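Below are the chains, spelled out letter by letter.
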Amino acid sequence: MKIGIDIGGSHIATGIIEKNGNLKAKEIRDVEIKSIKTEKQAQKFILDTIESEINDLLIKNDYEIGDISKIGIAVPGNPTETAIKNTVNLHIKKFEIAKILEEKYSAKIKLKNDGKCAGYAEKNYGALKKYDDCIFLCIGTGVGSAVFLNGELLEPKRNPGFELGHMIIDKNGIECNCGNRGCFETFASMKRFKKEAIRKLKLDKNIKSDEMQKYIRENIGKKEVEKLVTEYLDNVSIGLANIINIFEPEAICFGGSFSYYGDIFLPRLKENLKKYIFNKDTKYELVSAKLKNDAGIIGAAEI
Ligand SMILES: [Zn+2]
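Residues numbered from 1 in each chain as written. Predicted model: local features only at pLDDT ≥ 70, side-chain atom pairs only at ≥ 80, totals over all residues. Heavy atoms only, no water.

Caption draft 1: Up close: the domain arrangement of the chain. Here the domain parsing of the chain yields domain 1 (2-112) and domain 2 (118-294). Placing a centre on the C-alpha atoms of domain 1 and another on those of domain 2 gives a separation of 27 Å. Regarding the contact of domain 1 and domain 2, the summed buried area is about 570 Å², with carbon and sulfur atoms giving 48% of it. At the boundary of domain 1 with domain 2, the tally comes to two salt bridges. Note that lysine 26 is salt-bridged to aspartate 294, the shortest N-O span being 2.6 Å. Within the side of domain 1 that touches domain 2, the residues separate by chemical class into one nonpolar, four polar and three charged. (Domains from an automatic or database assignment. Buried area = accessible area lost by both parts, 1.4 Å probe. Salt bridge = Lys/Arg side-chain N within 4 Å of Asp/Glu carboxyl O. Nonpolar A, V, L, I, M, F, W, Y, C, P; charged D, E, K, R; others polar.)

Caption draft 2: Spotlight on the side chain of serine 259. In this structure, serine 259 sits in the loop between β11 (251-255) and α8 (262-273). On the accessibility criterion, serine 259 (6% relative accessible area) is buried. Of the polar contacts made by the side chain of serine 259, one reaches the backbone oxygen of glycine 256; its length is 2.7 Å. Apart from the residues within four sequence positions on either side, serine 259 is in contact with Phe254, Ser288, Ala289 and Lys292. (Helix = DSSP H or I, 4+ residues; strand = E, 2+ residues; numbered from the N terminus. Buried < 20%, exposed > 50% of the residue type's maximum accessible area, 1.4 Å probe, protein only. Polar contact = N/O pair within 3.5 Å; in protein donor to acceptor, adjacent residues only side chain to side chain. Contact = heavy atoms within 4.5 Å.)

Caption draft 3: Inspection of the coordination of the zinc ion at higher detail. In the first shell of the zinc ion, the protein supplies His166 (ND1), Cys176 (SG), Cys178 (SG) and Cys183 (SG), at 2.0 to 2.4 Å from the metal. Its four donor atoms give the zinc ion angles of 104 to 122° at the centre, a pattern that matches the tetrahedral case. All donors of the zinc ion belong to a single chain; written as a sequence motif, their spacing is H-x9-C-x1-C-x4-C. One end of the pair, histidine 166, is in the loop between β10 (152-153) and α4 (184-188); the other, cysteine 178, is in the loop between β10 and α4, and twelve residues separate them in sequence. (Donors = N, O, S within 2.8 Å, 3.2 Å for Na, K, Ca; no water. Tetrahedral: all angles 85-135°; square planar, octahedral: opposite > 155°, others 65-115°.)

Caption draft 4: Structural detail: the sheet that holds strand β8 (residues 134-139). The five strands are arranged β10-β9-β8-β11-β12 in an open sheet whose pairing can be described as mixed. Lying at the two open borders of the sheet, with one neighbouring strand each, are β10 and β12 (285-288). Note: β8 against β11, five bridges, orientation parallel. Residue pairing across strands places phenylalanine 136 opposite cysteine 253, the latter belonging to β11. (Pairing = 2+ DSSP bridges.)

Caption draft 5: Looking closely at the pattern of salt bridges. Within the structure shown, the criterion is met by 19 salt bridges. The residue lysine 227 makes a salt bridge to glutamate 231 at a minimum N-O spacing of 3.3 Å. Taken as a pair, lysine 227 and glutamate 231 lie in helix α7 (residues 223-247) at a separation of four residues, close to a single helical turn. Glutamate 271 is paired through a salt bridge with lysine 274; the nearest N and O atoms lie 3.0 Å apart. Relative accessible area serves as the criterion here: at 48%, lysine 274 is assigned to the partly exposed category. Among the charged side chains, a salt-bridge network with shared partners connects Arg192, Glu196, Arg199, Lys200, Lys227 and Glu231.

Below, the structure written as structure tokens:
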């Protein structure tokens, strides 16, 4: 069996993956961002969490360390195959984690960008299975992505590339985590949507994501809510139209918390996109992710 690990900004999830991307069991621990102030603390936290999760999984599922053939790790940013690199949230510049884990588990360790891992899982086992030319967009706190043409994941030689979230939409826009202004991510992230919803609908600034989802769902008939959603989706449409014009995908799959609003967002988005796409008669499907939060773990193990 393989182990898949998804290191996110808010949690670290680890799972046992058996044949055909089948997730047998998983363990999730929250990341206490506030207690991590230095790179050293982050490194220790990540290692301790991974070891404890793997240990629990092995015990609960009757496996031994020797049964692990591979450990795949999905991480944000641009990792190398062996090191986590430049994660702003976790204060990490470069952490050669593969060597440390290799000594302990004597299994093959491989790191990969999290958007690519989740996209790979959706392409092979989830919502994108039947498409050759397709795109995975993970819209959550940021925007991650993976592009497939003729069934193959596109991968440049050096960095992971395909930073669709950092395509600049407005050079005078708000500042992005990457240092530029007006990146697609600054318009399309669910962080932005939440911020705008709180401001325009005068919601409690500490509203939880599931409470907000409930509010939007119950009030979508109201003019101000529809306006907020329409404005947000118009911004998403601009970036998405650029992506469609470049890759001519048969389908685009949406992961991250965006996918929880699929029934509200996707029909409106499809209608609005007509304004911006180049080939007006091009046909494409907009679909919600099927594997949801498990896509990262499954993809990390299988890619
Ligand atoms: Zn950016």
